[in-house]
Each structure stands twice: as C-alpha cells, then as structure tokens.
Amino acid sequence: MTLKIVVLLFDGFTMLDAVGPIEVLSLLPDVDIKVVAKTPSIIWPDNRAVPFIAPFGIANVRDADVLLIPGGPGSDAIENDIETLNWVRHIDAAAQWTCSVCTGALILAAAGLLKGKEATTHWSVLARLSEFGALPRTKRWVESGKVITAAGVSAGIDMALLLASRLNGDRAAQAIQLSIEYDPAPPFRSGSVYSAGPDVVSAIMDGTVEFNRAGRTRPTIPRPI
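A closer look at a nonpolar patch on the surface
Taken together, Trp123, Val200, Ile204, Met205, Val209 and Phe211 make up a surface patch of nonpolar side chains, about 550 Å² in accessible area. Looking at the element boundaries, Val209 is found in the segment after α7 (198–205). According to the relative accessible area criterion, Val209 is partly exposed, its value standing at 39%.

Given below as structure tokens:
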C-alpha cells in the first residue's frame, strides 16, 4: 500500500526544513510525496535562492498518511490563514502522523493540534507554544502521540529518521541514515542554545549578527524553450 506524504509549503519557508525530511522519507519503500501550497504555484523560500514548485493546491489534496509542515519566517502569515489552518485540521484528522519542523510547530499550534501536548520548535520562539496551550520542551524532537515536532531546521532530519523508524522499522531507518551519510561532525559546539557561548546567543538576539534575507531579490525564472 502506497504511503501518502503531503508537505505544505508557503512563501518564506526555510529550505532545509522541507528538503531534509523529504530526502529521508523519499527513501522509504512505496511512498508518494506531494508538495502542496495554498494554490499550485512557485513558492520562494526565505533565502530567495531556489524556487520551488508546488504542483498541488490544498483544494486538490484532501487526505494523507503523513502531514509535514516546515517552518521559516513565512509561517507567521499561515498562523492567521483560516483556510489553510482548516485544511491542516482536516488532513490531521485522518493522518497517521502529523509532523513539523522549526516554526511549523506554531502552525500546528495555531490550528489547535498541540493543545495539551508536549512539543518543540526553534529555540528563539519556543515560549510561544504555550500561547496555544502546548507544553514547550527543549528537545531536539518531541513525539507526542501521532504528532512529532522537531526543533530548528536541521532537526527535521532527525525527526524524519525517527518517523522512518516508526513507519518501517529501526533497520530501515538506520539504512537510510547510512545512505545519506548523516553522521554530523560540526566544527563548532554552537548548534544548541545551551552549548553555544552566551556571546553567540546574544549576538543573534540583539541583532549584532543578523540573518534578514527578506530583502533579497527573487531571480527571474526563464521560460522553457
């Protein structure tokens, strides 16, 4: 039986939030991954570097076994998009698994799907989960029933490997991890707010080091010949 996975994209999502889990989950046997947006369109990530095509709109996809929602600065708008939130609730109702990466958890929370559940998201907005009745946890990923939330960006790969093990067993997930050679060895111990030096954390929080990519120009997409 084909496993149907739906990934919701929106303008201003973070590429790795979606691409990391898609790469992992695409290696499972007999999967059908659909990339969806509010309407079928070209979707630009927050870095404006690579345009993505969402071949399906939310009106075209009414069910899935797995729902995956990435994060990024564009998630703020989706938190207040009633039509999209209603679709998220509808898909979640029959899904086996509902997953998020980074601030995608705030979309799930805005849809009312994290109320009373332990969850995580990017460290800089973790406290916001409690605004929606969720229980914030400072973990790389949190499994709460059928909902798995991942912390920031790269944590989506960890979450996807966990999901792969739930769907197809530990051996399959370990084989996928080996196939993508996911064996992180970063040059610095600054990948967590708890391991990074206070000067690094404060540089992000006070804007000394700024990651504002919103002003970048979107390249013109050439027409097919």
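Observations concerning the layout of surface pockets
In this structure, the second largest pocket encloses a volume near 160 Å³. Around the second largest pocket, the lining is made up of 14 residues, and of these Leu9, Phe10, Asp11, Lys38 and Ile78 lie nearest the centre. Looking at the lining of the second largest pocket, the elements that each hand over two or more residues are β3 (41–43) and α2 (75–78).

A few points about helix α5 (residues 155–168)
Here α5 is 14 residues long and its end C-alpha atoms lie 20 Å apart, about the 20 Å a rise of 1.5 Å per residue gives. Across the 14 residues of α5, 10 count as buried, placing the element largely inside the fold. Regarding α5, the residues found buried are Ala155, Gly156, Ile157, Met159, Ala160, Leu161, Leu162, Leu163, Ala164 and Ser165. Phi turns positive, to about 95°, at Gly169, one or two residues after α5.

A short note on the sheet that holds strand β1 (residues 3–8)
Strands sit in the order β5-β2-β1-β6-β7-β11-β10 across an open sheet of seven strands; the sheet is mixed. With one partner strand each, in any of the chains shown, β5 (56–57) and β10 (141–144) form the two edges of the open sheet. Bridge count for strand β2 (residues 31–37) against β5 is two bridges, and the pairing is parallel. Within β5, the residue paired with Ala37 across the bridge is Gly57.

Some details on unusual backbone geometry
Positive phi, normally seen in glycine, also occurs at Val153, with a value near 50°. With respect to the secondary-structure elements, Val153 resides in the loop between β11 (147–150) and α5.

Re the pattern of salt bridges
Overall, the coordinates contain 10 salt bridges when judged by the stated rule. In this structure, Lys34 and Asp32 form a salt bridge, with 2.8 Å as the shortest nitrogen-oxygen distance. Classification of Lys34 as partly exposed rests on a relative accessible area of 23%. With a closest N to O distance of 3.0 Å, Lys38 and Asp81 form a salt bridge. In this pair, Lys38 is assigned in the loop between β2 and β3 and Asp81 in the loop between α2 and α3 (82–94), connecting sequence segments 43 residues apart. Residue class for Asp81 comes out buried when judged on its relative accessible area of 15%. Through salt bridges with shared partners, a single ionic network connects Lys38, Asp81 and Glu83.

Rules used throughout
- Residues numbered from 1 in each chain as written.
- Predicted model: local features only at pLDDT ≥ 70, side-chain atom pairs only at ≥ 80, totals over all residues.
- Heavy atoms only, no water.
- Patch = residues over 30% accessible without salt bridge, like charges linked within 9 Å, V, L, I, M, F, W, Y side chains within 5 Å.
- Areas by Shrake-Rupley, 256 points an atom, 1.4 Å probe, with all protein chains shown as cover.
- Salt bridge = Lys/Arg side-chain N within 4 Å of Asp/Glu carboxyl O.
- Helix = DSSP H or I, 4+ residues; strand = E, 2+ residues; numbered from the N terminus.
- Buried < 20%, exposed > 50% of the residue type's maximum accessible area, 1.4 Å probe, protein only.
- 1 Å grid on protein atoms, 1.4 Å probe; cavity = no way out; pocket = protein on both sides within 12 Å on 5 of 7 lines; lining within 4 Å.
- Points joined across faces, edges and corners; volume = space filled by probe spheres on them.
- Expected span 1.5 Å × (residues − 1).
- Pairing = 2+ DSSP bridges.

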